[in-house]
Amino acid sequence: EQRGDIKAKAREMCIIQIAIKLIDDALEFFQKTKAPEIVNESNAIFKRITEGAYIRILFPHEDNSDTLRVIDVHGNELTSDMLSVGTMRQLYLAIRLAVIKTQDHQSANLPVIFDEVLSSFDESKRAAAAREINEIAKDHQVFYFSVRNDFQDDAITNDWNHIDLNNGRIDTHK
């Protein structure tokens, strides 16, 4: 009976070691193939959204650190917890948009859902981020939810279909 327990444990350990190896191989493959494209696109989007205030995102895998960092226009390296809430959200949005933009175009272009992602941005950064969302909307169906209605810049949102849910009534307009 002990021999059977030992065999079962040895088999379980082999399965775990194989799973670890497969995960490590997949992560290494991702870091060598997809990560550079995502990093480059994230940097470009973040720079545009922040209007050049931040010039680079440093991802943990790039230098084996354990935290995401950014470099501002003055060359200062900042961890994400040193950023304002708005800038942290801009950073997250830039990475999210980069992942969407760099997805395998042979796969289906799935819908993208945003909920209040622009609400903590100042007006100019909100406009810059909206332009980035417009780029995504060229290849994806985009749903943007907000309780705010103060973002009506026709130059940016002209192609957006607005649906207002007011008192149980649906009003649509461009």
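Below: a short report on this structure. The residue count restarts for each chain, going from 1 along the sequence in the order it is written. Note on the predicted model: pLDDT of at least 70 is required for a residue's local features to be given, and 80 or more for side-chain atom pairs to be given and counted; whole-chain, interface and lining totals, by contrast, use all residues. Working from all heavy atoms in the structure, the side-chain values ignore hydrogens and water.

So, the overall build of the protein chain
Secondary structure counts use DSSP, requiring at least four H or I residues in a row for a helix and at least two E residues in a row for a strand, with both numbered from the N terminus. When helices and strands are tallied, the protein chain shows six helices and seven strands. Of the regular secondary structure in the protein chain, the N- to C-terminal order runs α-α-β-α-β-β-α-β-α-β-α-β-β. Only protein chains enter the area calculation, which uses a 1.4 Å probe; residues under 20% of their type maximum are buried, those over 50% are exposed, and those in between are partly exposed. Among the 174 residues that make up the protein chain, the fraction classed as buried is 29%. Methods summary: accessible areas were calculated by the Shrake-Rupley approach with a probe of 1.4 Å, and residue burial reflects only the protein chains presented. Total accessible area on the protein chain stands at roughly 11800 Å², and carbon and sulfur atoms take up 54% of it.

Brief notes about the sheet that holds strand S2 (residues 69-72)
The strand order S1-S2-S3 describes an open sheet built from three strands, whose pairing is antiparallel. Each having just a single partner strand, strand S1 (54-58) and strand S3 (77-79) make up the two edges of the open sheet. Pairwise comparison of adjacent strand axes, ignoring direction, gives a mean angle of 30° for this sheet. Pairing geometry for S2 and S3, over three bridges, is antiparallel. Of the residues in S3, the one forming a bridge with Ile71 is Glu77. Two strands are said to pair when DSSP picks up at least two bridges between them. Here the axes come from fitting lines to C-alpha atoms, over the contacting stretch only for helices, and the angles between their N-to-C directions go from 0 to 180 degrees.

Structural notes on the packing of aromatic side chains
Side-chain rings of Phe, Tyr and Trp, where Trp is taken by its six-membered ring, are said to pair if the distance between their centres is within 6.5 Å; with planes under 30 degrees apart they count as stacked, over 60 as edge-to-face, and otherwise as tilted. Evaluated as defined, the whole model comprises one aromatic pair. A centroid spacing of 5.5 Å and a plane angle of 35° characterise the contact between Phe46 and Tyr54, whose relative ring orientation is tilted. With a relative accessible area of 0%, Phe46 lands in the buried category. A residue is classified by how much of its surface remains accessible, and Tyr54, at 15% relative accessible area, is buried.

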